[in-house]
Amino acid sequence: MNPGNSALRLGTSTYSYWHFTPEKTPIESVLDAAAELGLSGVEILHRQMESEENAYLQKLKRHAFTLGLDLYNLSIHQDFVHDDSDVRQQHIDHTLHCIDLAHEMGIPSIRVNSGGFRKRGSFDDLIEAKGWVEPWEGFTMDDGFGWVTDAIERCLPHAERRGVLLLLENHWGLTTFANDMARIIETIDSPWLQAILDMGNFLFEEEMYGAMERIAPYVRLAHAKTYPGGGSWYSLDLDYARIFRILLDAGWRGYCSIEMEGAEDAATAVPKSIEMLRQAWGDAI
């Protein structure tokens, strides 16, 4: 652990205030709430954005700067596990486009997903299938890893030109397990591909803290899942202080982004999450 790294850089994802309900929570209102709560920055969920027009992008950037907030990550969705190369190209093009959006907003990183061997459509189905890890009939895990590594490698030159880091998250599919996630990162072996640790997503690991240790050297951003009022799909009793120690021991100095996933209203749940995480940080250092 680096004893000099004593400040917790805590922010929130806009997702904490909008759980994919029909009516979107405006990102501007999340920025206002984050500033009022004394947070250092905000992570923007791409699907929550009202527009991709430049005027809107610059309005968000100006609003954050006026409030003294960093915009530190753009969390996007894509899925590179497709046997159809044309479909994979669509997801590559989407990622390249989002790199440009992040660049225009002055955001230094984007969240990327590997994707997985989808069996059916809903998140409940994903949980039942333990992350959509098992290959489709006629395909192998090596096929999936080949598709993912090729797709990410094709995005990296543009990411480097734009100065936008790609952060691979343990977001199910081929990143459900730490060794598989590390395989992607280590195979590609680029300083422009690093990791996000979602503290709540190593659900199917036999030893989740060991899994966190496996990817900790690559982690540049942490997602702190919290569950006030009970989780939407599941709740975990996470030892946040232990997780912070794991990350600090690996040299992590980045942002911790609250992803409040509980049933309680964000107006009260996010402040509770802030207090809990700051206490855990104090225990960790």
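Small disclaimer: the values here were computed from a predicted structure and weren't measured. Position labels on residues start from 1 in each chain and follow its written sequence. Under the rules for a predicted model, residues below a pLDDT of 70 receive no local features and side-chain atom pairs below 80 are neither given nor counted, while totals for whole chains, interfaces and linings still include all residues. The basis for every side-chain value is the complete set of non-hydrogen atoms in the structure, without hydrogens or water.

## Points about the overall build of the protein
Thought 1: The secondary structure listing takes helices from DSSP runs of H or I that are at least 4 residues long and strands from runs of E that are at least 2 residues long, numbered from the N terminus. Summing up its helical and strand segments, the protein has 9 helices and 8 strands in all.
Thought 2: All radius of gyration figures rest on C-alpha atoms, and the globule criterion is 2.2 Å times the number of residues raised to 0.38. Rg of the C-alpha trace for the protein: 18 Å, near the compact-globule value of 19 Å for 285 residues, within the 12% margin.
Thought 3: Taken along the three principal axes of its C-alpha coordinates, the protein extends 55 × 45 × 40 Å.
Thought 4: With a 1.4 Å probe rolled over the protein chains alone, any residue whose accessible area is under 20% of its type maximum counts as buried; one over 50% counts as exposed, and the rest are partly exposed. Counting over 285 residues, the protein shows a buried share of 53%.
Thought 5: Long-range contacts, defined here as pairs at least 24 residues apart, represent 79% of the contacts in the protein between residues at least 6 apart.
Thought 6: We get accessible surface area from the Shrake-Rupley algorithm with a probe of 1.4 Å; when it comes to residues, only the shown protein chains can shield them. Roughly 12200 Å² of accessible area belongs to the protein as shown, and the carbon and sulfur atoms make up 48% of that amount.
Thought 7: Charge convention: Lys and Arg are scored as positive, Asp and Glu as negative, and His as well as the terminal groups of each chain are ignored. Throughout, a charge is located at the NZ atom of Lys, the CZ atom of Arg, the CG atom of Asp or the CD atom of Glu. Mean positive and mean negative side-chain charge positions of the protein (24 and 44 charges, respectively) differ by 3 Å. Should any heavy atoms of two residues lie within 4.5 Å, those residues are considered in contact.

## What about the environment of Trp136?
Thought 1: Inspection of the secondary structure assignment puts Trp136 in the loop between α4 (123-128) and α5 (141-162).
Thought 2: The spatial distance from the C-alpha of Trp136 to the C-alpha of Arg88 is 16 Å, given a sequence separation of 48 residues.
Thought 3: Every residue in contact with Trp136, bar those within four places of it in the chain, is listed here: Val81, His82, Asp83, Gly116, Phe117, Arg118 and Trp147.

## With respect to helix α8 (residues 240-249)
Thought 1: In terms of residue burial, α8 counts as a mostly covered element, since 7 of its 10 residues are buried.
Thought 2: Of the surrounding secondary structure, the elements contacted by the buried residues of α8 are β6 (193-198), α7 (208-215), β7 (219-226), β8 (255-260) and α9 (266-284).
Thought 3: Just past α8, the residue Gly251 takes up positive phi, approximately 95 degrees.

## Here's the deal with the side chain of His158
Thought 1: Within the secondary structure layout, His158 lies in helix α5.
Thought 2: Dropping the residues within four chain positions of it, His158 is found in contact with Leu96, Ile99 and Asp100.

## A word on the nonpolar core
Thought 1: Nonpolar core, defined: a set of buried Ala, Val, Leu, Ile, Met, Phe, Trp, Tyr and Cys residues in which side-chain atoms within 4.5 Å join the residues together. Counting residues in hydrophobic clusters, the biggest one holds 89 residues, and the most contacted among them are Leu74, Ile152, Leu166, Met199 and Phe244.
Thought 2: Those residues in contact with Ile152, other than ones at most four positions away along the chain, are Phe80, Leu166, Leu168, Ile184, Ile188 and Leu193.
Thought 3: In this structure, Tyr72, Leu165, Leu221 and Tyr255 belong to the second largest nonpolar core, which totals 6 residues.

## Looking at the side chain of His223
Thought 1: In this fold, His223 is placed in strand β7.
Thought 2: Look at His223 and you get buried, because its relative accessible area is 0%.
Thought 3: If near-sequence neighbours (up to four positions away) are discounted, His223 is found in contact with Glu43, Glu169, Ile196, Leu197, Asp198, Met199, Ser257 and Glu259.

## Examining the state of the cysteines
Thought 1: By disulfide we mean two sulfur atoms from cysteines, separated by a distance within 2.5 Å. The full count for this structure, using the stated rule, is 0 disulfides.
Thought 2: Not engaged in a disulfide, the cysteine Cys98 finds its nearest cysteine sulfur in Cys155; these two sulfurs lie 10 Å apart.
Thought 3: Here Cys155 falls in the buried class, since its relative accessible area comes to 1%.

## Remarks on the pattern of salt bridges
Thought 1: Think of a salt bridge as a Lys or Arg side-chain nitrogen and an Asp or Glu carboxyl oxygen that are within 4 Å of each other. Following the criterion strictly, the structure yields 11 salt bridges and no others.
Thought 2: A salt bridge links Glu186 to Arg214, with the shortest nitrogen-to-oxygen separation between them at 3.0 Å. In this pair, Glu186 is assigned in helix α6 (residues 178-188) and Arg214 in helix α7, connecting sequence segments 28 residues apart.
Thought 3: Through salt bridges with shared partners, a single network forms among Asp198, Lys225, Glu259 and Glu261.

By themselves, these are just geometric observations and shouldn't be taken as functional.
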